Protein chains: 2
Amino acid sequence: MSRRVQIRGTGLIGTSLGIALTRKGYAVSLADPSPTAERLARDLGAGQLAHDVTAPPDLVVVAAPPDVAAGVVAQALTECPHAVVTDVASVKGAVLDALLADGAPIERYVGSHPMAGRERSGAAHARGDLFEGRAWVIVPAPDSSSEAVALVEEIAHAAGSVTSRMDAADHDDAVATISHLPQVAASVVAAQLRTLEDHALALAGQGVRDVTRIAASDPRLWTQILAGNAHSVSRVLQRVVADLSDVVAALEGLSAPEPGADVGSLEVVSRTITHGNTGHSRIPGKHGAAPTAYESVTALVPDTPGELARLLADVGAADVNLEDLRLDHGLGQPFGLAEILVVPAAAERLRDALRVKGWRVLE
Amino acid sequence: MSRRVQIRGTGLIGTSLGIALTRKGYAVSLADPSPTAERLARDLGAGQLAHDVTAPPDLVVVAAPPDVAAGVVAQALTECPHAVVTDVASVKGAVLDALLADGAPIERYVGSHPMAGRERSGAAHARGDLFEGRAWVIVPAPDSSSEAVALVEEIAHAAGSVTSRMDAADHDDAVATISHLPQVAASVVAAQLRTLEDHALALAGQGVRDVTRIAASDPRLWTQILAGNAHSVSRVLQRVVADLSDVVAALEGLSAPEPGADVGSLEVVSRTITHGNTGHSRIPGKHGAAPTAYESVTALVPDTPGELARLLADVGAADVNLEDLRLDHGLGQPFGLAEILVVPAAAERLRDALRVKGWRVLE
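In this convention, every chain numbers its residues from 1, walking through the sequence in written order. Note on labels: chains are lettered from A, ligands numbered from 1, in written order. In keeping with the model being predicted, local features are shown solely for residues with a pLDDT of at least 70 and side-chain atom pairs are shown and tallied solely at 80 or more, while totals for entire chains, interfaces and linings include all residues.

Comments concerning the overall build of chain A
Stage number 1. When helices and strands are tallied, chain A shows 13 helices and eleven strands.
Stage number 2. For chain A, the spread of C-alpha atoms along the principal axes amounts to about 70 × 60 × 40 Å.
Stage number 3. Counting other C-beta atoms within 10 Å of each residue's C-beta, where C-beta atoms are placed from the backbone, gives the exposure class: buried for 20 or more, exposed for 12 or fewer, partly exposed between. Residue burial in chain A is summarised as follows: out of 363 residues, 54% are buried.
Stage number 4. A fraction of 68% describes how many contacts in chain A between residues 6 or more apart in sequence connect residues 24 or more apart. Strands are runs of DSSP state E lasting at least two residues, helices are runs of H or I lasting at least four, and both sets are numbered from the N terminus onward. What counts as a contact here is a pair of residues whose C-beta atoms, placed from the backbone, lie within 7 Å.

Structure (structure tokens):
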């Protein structure tokens, strides 16, 4: 007999999970405060309406907005006395604290955080493969039963995710640095562009584009996320403010007229960039593998349909695996630069192969 | 008779410019404090050794490191009394101030800044197309003659660049925000990863990768750049520190136990993300065109040689122009997501075309 999963909250995450689990043979039921939203999720293949199902669920997945998740979890624990309950909010400590304060039966509760999302929200953008290949952090409560943890891990795997376990404090500290800090940094850097003159904006290169890409994120969702992880985010932001203040003081010393005001300043500036080198080198490579220093092969690509495809076909024909690809658009020019990252052993062979095919390969 | 250009400093920029101008028929001569460096540049096709040339140059291009540029410019103005002299340092005010203080004949001096560079330095990495399609800012001194300005613009165009004119203060303010701030922000965010535990680093997604990509930059070069633009960078960093401090105060209010400590905090957090949206939307689109909201079409691509090429061949066959491409690697999974950005009118047609070819197109 297939397991019964009830999903409470049929937005992007809830509906996507319903589609994924239904495809894997789970009996999924759906509930949402909005009758329109839950019927849309049903019509998209995410499961049946909970209203039409009498058998009690084995697992309730709360996919409500972060700021109401704890209340919905508590309600589910009460209403479904034999079910395991999990939530998918991207901040875990606040949910757990609220449940503990509430005296909820947390041996049946397991927090979780699928690291999946889109720049668009709502059931209409749901897709069954949203979780495929993504990290899904399992956050057991202090008293979660091992059966409860195993059941939540089972559905994360069924959705295609790769799971790991952390406690709530470790999780919230980790995402504060690896996810929430980059968002705030991108936003404040992009905010400086609001008042920049057009001729200055015209100098934008790939650097500022990369740094600010996620500044386009949804303010409503991110306000909830940052507020929900206020303490951890505040701590890491304070470290960043301290580092930036050191740079400001060093730069002021360098531009001050008094002799000697600049002593030590260059070391601070140099250390800032060097520490960035070190931190950057620790980011894991593709597929969670150890970081690898890929070598880049750069070719000039005319900006007409099919040219990039032709280039990559030639890369494939050279039997070289493309590890990453970065496009750099020329300003006012009808071509771009395609930077192909490959394992170092393959780089020279690839350059030769592309030149034979008539590509302009740089360097 | 072809114009004579002397390049002083045969690192990456000087040698690349020599190759580009030689190809365009200019008579290029090369000088560098290092005999090895200038001969390497000659052997790479960047020009003749200045030592072997008797005719005086029409233009001297100083491509020395930023912290010695002003001295080399002053020397060239003295040694070549009929030549126009320019430099390519990425900070312009410091060079101009030193020349003015020196009483140099600045009607023959024009500052310039080709917005080109690589993550690697030195003549060995030079390439003749380094400037193609790049912005090259022309920074006339207050007394630069119009003939001098025209000559510098001529060689920038000959190298393939797109020129614009700014005064030194405007230039330095512009690059402080559009280039130097993103570098410092990327470095300080990446620096926070130095001490992060491996299980937290394993949660790294595309956001933190993008924000920190340029944190891999060269500390020696960037120390010179930031020190050379200390005042402008310090000012924009102070604005960023103020914005971040507002966020820290708001988050502390949100996590404080006292009732009422959080009043106004959510507005600060929300405004930070919203201002980031606004600033991000002002970054010009591809080819310097007005920003366009491209629509993304996302397909699942097996991680084997040739698959991405096959996808893009199918994009080309659909006669759709790919505006940008972003690869998102699944964690521990043998495939990735390819996000193809196209003009909105082409998106639905492309999705249909790819599905017909058997691709798994998301959403």
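Comments concerning the relation of the copies chain A and chain B
Stage number 1. Least squares is used to superpose the copies, and the fit set is the C-alpha atoms of residues whose pLDDT is at least 70 in both copies. Of the transformation superimposing chain A on chain B, the axial component is 0.0 Å and the angular component is 180°, with the fit at an RMSD of 0.1 Å. Expressed as a symmetry operation, the mapping of one chain copy onto the other fits a two-fold axis. Considering only C-alpha atoms, the part of chain A nearest the rotation axis is Val211(A), at 2.0 Å.
Stage number 2. The overlap is high: 100% of the interface residues of chain A also sit at the interface in chain B, so the same surface is used on both sides.

Regarding the pairing of strand 2 (residues 27–31) of chain B
Residue and element names in this part refer to chain B.
Stage number 1. The buried fraction of strand 2 amounts to four of the five residues, a majority that puts the element mostly inside the structure.
Stage number 2. Pairing analysis gives five bridges linking strand 1 (residues 4–8) to strand 2, with the strands arranged parallel. Across the sheet, residue arginine 8 finds its bridge partner in strand 2, namely alanine 31.
Stage number 3. As defined by bridge partners, strand 2 adjoins strand 3 (residues 48–49) across two bridges and the pair is classed as parallel. In the strand pairing of strand 3, serine 29 is matched with glutamine 48.
Stage number 4. Assignment of crossover handedness uses the view with strands pointing away from the viewer, where a clockwise path from the first strand over the helix to the second indicates a right-handed crossover. At this point the chain moves from strand 2, through helix 2 (residues 35–43), to the parallel strand 3, and the crossover so formed is right-handed. For two strands to be treated as a pair, DSSP must find at least two bridges joining them.

Focus: helix 5 (residues 146–158) of chain A
Within an α-helix, residues lying three or four positions from one another point in the same direction, as the helix has 3.6 residues per turn.
Residue and element names in this part refer to chain A.
Stage number 1. A helix is expected to reach a length of 1.5 Å times the quantity of its residues less one. End to end, helix 5 covers 18 Å across 13 residues, agreeing with the expected 18 Å (1.5 Å per residue, within 8%).
Stage number 2. Taken as a whole, helix 5 has its buried residues at Ala148, Val149, Leu151, Val152, Ile155 and Ala156. Buried residues of helix 5, seen end-on, are gathered within an arc of 160° and therefore sit on one face of the element. Relative to its buried face, helix 5 has exposed residues pointing more than 90 degrees away, namely Ser146, Glu147 and Ala150.
Stage number 3. A positive backbone phi angle near 100° is found at glycine 160, which sits one or two residues after helix 5. By definition, the arc is the one covered by directions from the helix axis to the C-beta atoms.

So, the domain arrangement of chain A
Stage number 1. Segmentation of the chain into domains, including their bounds, is taken from an automatic or database domain assignment. In terms of domain boundaries, chain A breaks down into domain 1 (4–166), domain 2 (199–283) and domain 3 (295–356).
Stage number 2. Between domain 1 of chain A and domain 3 of chain A, the C-alpha centre-to-centre distance is 42 Å.

Some points on the interface of chain A and chain B
Many descriptions give the size of an interface as the accessible area lost when the pieces come together.
Stage number 1. The partner chain B presents 116 residues to the 116 residues of chain A that form the contact.
Stage number 2. Looking at the side of chain A that touches chain B element by element, the count peaks at 19 residues for helix 10 (residues 230–255) of chain A.
Stage number 3. Among the residues making up the side of chain A that touches chain B, the classes are represented as 63 nonpolar, 37 polar and 16 charged. Polar here means any residue other than Ala, Val, Leu, Ile, Met, Phe, Trp, Tyr, Cys and Pro, which are nonpolar, and Asp, Glu, Lys and Arg, which are charged; Gly is therefore polar.

Quick word on unusual backbone geometry
Leaving glycine out, the prevailing phi sign among residues is negative, and the prevailing peptide bond configuration is trans.
Stage number 1. The backbone phi angle of Asp319(A) is positive, close to 60°, even though this residue is not glycine.
Stage number 2. As for its position among the elements, Asp319(A) is in the loop between helix 12 (307–317) and strand 10 (324–329).

Description of the packing of helix 11 (residues 265–281) of chain A against helix 9 (residues 219–228) of chain B
Stage number 1. Interaxial angle, 0 to 180 degrees, is taken between N-to-C directions of lines fitted to C-alpha atoms, where a helix line uses only the stretch in contact. It is the contact of helix 11 of chain A with helix 9 of chain B, at a shortest axis distance of 9 Å, that shows an interaxial angle of 135°. By the criterion of interaxial angle, the relationship of helix 11 of chain A to helix 9 of chain B is oblique. The crossing of helix 11 of chain A and helix 9 of chain B is right-handed. For the pair formed by helix 11 of chain A and helix 9 of chain B, the contact residues are Leu266(A), Val269(A), Ser270(A), Ile273(A), Thr274(A) and Asn277(A) on the first element and Pro219(B), Trp222(B), Thr223(B), Leu226(B) and Ala227(B) on the second.
Stage number 2. Broken down by class, the residue content of the contact of helix 11 of chain A with helix 9 of chain B amounts to seven nonpolar, four polar and no charged. To sort the angles, those under 35 degrees are grouped as roughly parallel, those over 145 as roughly antiparallel, those from 65 to 115 as roughly perpendicular, and the leftovers as oblique. With the far helix as reference, a near helix turned anticlockwise by less than a right angle produces a left-handed crossing, and one turned clockwise produces a right-handed crossing.

Describing the environment of Val233(B)
Stage number 1. Position of Val233(B) among the secondary structure elements: in helix 10 (residues 230–255).
Stage number 2. Taking the C-alpha atoms as reference, Val233(B) lies 30 Å from Asp324(B); in sequence the two are 91 residues apart.
Stage number 3. Once residues lying within four places of it in the same chain are set aside, the contact partners of Val233(B) are Leu251(A), Ala176(B), His180(B) and Leu226(B).

Here's the deal with the sheet that holds strand 5 (residues 84–87) of chain B
Residue and element names in this part refer to chain B.
Stage number 1. Strand order in the open sheet made by the eight strands is 3-2-1-4-5-6-7-8, with mixed pairing throughout. What marks the edges here is a single partner per strand, and that holds for strand 3 and strand 8 (162–165).
Stage number 2. Pairing between strand 4 (residues 59–62) and strand 5: four bridges, direction parallel. Of the residues in strand 5, the one forming a bridge with valine 62 is aspartate 87.

A closer look at the sheet that holds strand 6 (residues 109–114) of chain A
All names here are of chain A.
Stage number 1. In spatial order, the strands read 3-2-1-4-5-6-7-8; together these eight strands make up an open sheet with mixed pairing. Edge positions in the sheet fall to strand 3 (48–49) and strand 8 (162–165), since each has one partner strand and no second.
Stage number 2. Examined bridge by bridge, strand 1 (residues 4–8) and strand 4 (residues 59–62) share four bridges and lie parallel to one another. Among the inter-strand pairings, valine 5 is bridged to a residue of strand 4, identified as leucine 59.

Quick notes on helix 6 (residues 168–191) of chain A
Stage number 1. Roughly 45° is the biggest bend found in helix 6 of chain A, and it falls at Ala176(A).
Stage number 2. Of all 24 residues in helix 6 of chain A, 22 are buried, a share of seventy percent or more. One fitted axis covers the seven residues ending at a residue, a second covers the seven starting there, and the bend at that residue is the angle between these axes.

Topic: the confidence of the model for chain A
Stage number 1. How sure the predictor is of each residue is captured by pLDDT, a score from 0 to 100. The predicted model of chain A has a mean per-residue pLDDT of 89, with 93% of residues at 70 or higher.
Stage number 2. Interface confidence for the predicted complex, expressed as ipTM, amounts to 0.79; the pTM equals 0.80.

Details of the nonpolar core
A general tendency of soluble globular proteins is for nonpolar side chains to be buried together.
Stage number 1. Formed by 210 residues in total, the largest nonpolar core has its most connected members in Val62(A), Val73(A), Leu203(A), Val62(B), Val73(B) and Leu203(B).
Stage number 2. Buried Ala, Val, Leu, Ile, Met, Phe, Trp, Tyr and Cys residues whose C-beta atoms connect them within 7 Å together make up a nonpolar core. Core analysis: the second largest hydrophobic core is formed by 38 residues, Val320(A), Leu322(A), Val342(A) and Ala346(A) among them.

Brief notes about the environment of His280(A)
Residue and element names in this part refer to chain A.
Stage number 1. Here histidine 280 is to be found in helix 11.
Stage number 2. Given 24 C-beta atoms within 10 Å, histidine 280 falls into the buried group.
Stage number 3. Taking C-alpha positions, histidine 280 is 24 Å from leucine 337, a pair spaced 57 residues apart along the chain.

Topic: the pairing of strand 5 of chain B
All names here are of chain B.
Stage number 1. Taking every second residue as pointing to the same face, both faces of strand 5 are buried, with Val84 and Thr86 on one and Val85 and Asp87 on the other.
Stage number 2. Alignment of strand 5 against strand 6 (residues 109–114), held across three bridges, turns out to be parallel. Of the residues in strand 6, the one forming a bridge with aspartate 87 is glycine 111.
Stage number 3. Read as a crossover between parallel neighbours, the route from strand 5 over helix 4 (residues 93–102) to strand 6 is right-handed.

Considerations on the environment of Leu17(A)
Residues and elements named next belong to chain A.
Stage number 1. Here leucine 17 shows up in helix 1 (residues 12–23).
Stage number 2. Measuring from C-alpha to C-alpha, the distance between leucine 17 and serine 161 comes to 11 Å, with 144 residues separating the pair along the chain.
Stage number 3. Excluding its chain neighbours within four sequence positions, the residues that come into contact with leucine 17 are Ile7, Val61, Ala63 and Ala159.

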